[in-house]
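Breakdown of the fold
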Amino acid sequence: MSDWPALDAFLRTDPADVGCDEAMRVLHVYVELVANGEDAATPYQGVTSHLRACGPCGDDFEGLLALVTDPPADGVRKSLRRKLRGRR
Amino acid sequence: MGGATPERSLDAESAEWVDRLKVAAPHREAGVRDLHGLLLRAARREVRRRGAVTAVTGRELDDLAMQAADDATCAVLAKVDQFRGESRFTTWAYRFVVLEVSHKLGRHFWRQPRAALSEVDWNRLPDVLGTPPDQLVEVEELTRAVRRAVEDLTDHQRTVFEAAVLRGVPLEALALQLDTNRNALYKTMFDARRKIRTHLVANGYLADEVREEVSDRE
């Protein structure tokens, strides 16, 4: 019997895995649960399984989570707000 | 798990976005402009985040962000009536731009010179998966066993496995080349992985943990 854990992990499949389409359909809901520190893995077990196994979907998850937890700043609005505050 | 996602009443900010973007909304143009600005900032952030692993740089990367923001804006406007508040509006809208960036970077893959040159290389397998340095001989033997298992796959499964694993083609790029989609390719890979594992277990290379767990209980 051989022992190559990375190969074993790569070949292992989870019947609960929902696939890319379903994972992407609910990604916004899943990401918000994760971002809020709530349990996403229990209600979305098949999505969790998929995001672990699918590199591209996992990358999409990371991207959306980064945008939600640290939204890109609106530079123009921020500077405008600062100016308006300064005039008061 | 499939099924419906829970609907919630819209939070104030989400409700304001939806009101401003409805077809009959007064001053809708301003709402669309703000939406595009939001998605452009998100697209720029996302292409920068992914930039480290792509060959797209500089102005081309900014053009890609602009195209992603344009297309995501159109998608959001087309589906705003379907938004049910399962998440905040901005989270829902960001999802469109993340998927657009992912898709467009897949297109760019084929414009890189190395894409046309890459060939099936079985030596990549240990590098792709990570090789335990003290088990090189074992890994070579297992690689040969995987190769024999891959020969038993269907032509389509073998094509997808070799491209995705041994030629390093991203699934999004491969989907474009094979005129299919990421989900279909993932299912093909899913079946291929399961078949290869079954072959390796049957030939004594990997442990069938499910059976072992059952016999442990007996």
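Residues numbered from 1 in each chain as written. Chains lettered and ligands numbered in written order. Predicted model: local features only at pLDDT ≥ 70, side-chain atom pairs only at ≥ 80, totals over all residues.

What follows deals with the overall build of chain B. What chain B contains, in helices and strands, is 11 helices and 0 strands. In sequence order, chain B lays out its α and β elements as α-α-α-α-α-α-α-α-α-α-α. A burial count over chain B gives 32% of its 218 residues as buried. Of the contacts formed within chain B by residues at least 6 apart in sequence, a portion of 71% connects residues at least 24 apart. (Helix = DSSP H or I, 4+ residues; strand = E, 2+ residues; numbered from the N terminus. Buried ≥ 20, exposed ≤ 12 C-beta atoms within 10 Å, placed from the backbone. Contact = placed C-beta atoms within 7 Å.)

Bringing the interface of chain A and chain B into the picture now. Taken together, the contact between chain A and chain B spans 37 residues of the former and 43 residues of the latter. For the side of chain A that touches chain B, the secondary-structure elements that each account for two or more residues are helix H1 (5–11), helix H2 (19–25), helix H3 (27–35), helix H4 (45–53) and helix H5 (55–69) of chain A. Looking at the side of chain A that touches chain B element by element, the count peaks at 7 residues for H5(A).

The topology assignment puts Gln82(B) in the loop between helix H3 (58–79) and helix H4 (89–109). Each C-alpha atom of the pair Gln82(B) and Asp11(B) lies 16 Å from the other, and the pair is 71 residues apart in sequence.

The subject of this paragraph is the domain arrangement of chain B. Residue and element names in this part refer to chain B. For chain B, the assigned domains are domain 1 (12–112) and domain 2 (124–217). Centre-to-centre separation of domain 1 and domain 2, based on C-alpha positions: 35 Å. At the interface, 6 residues of domain 1 touch 5 residues of domain 2. The residue inventory of the side of domain 1 that touches domain 2, partitioned by class, reads 2 nonpolar, 3 polar and 1 charged. (Domains from an automatic or database assignment. Nonpolar A, V, L, I, M, F, W, Y, C, P; charged D, E, K, R; others polar.)

Moving on, we get to the environment of Ala42(B). Within the element layout of this structure, Ala42(B) appears in helix H2 (residues 28–51). Those residues within four positions of Ala42(B) in sequence are excluded, and the remaining contacts are Leu67(A), Pro72(A), Tyr94(B) and Val97(B).

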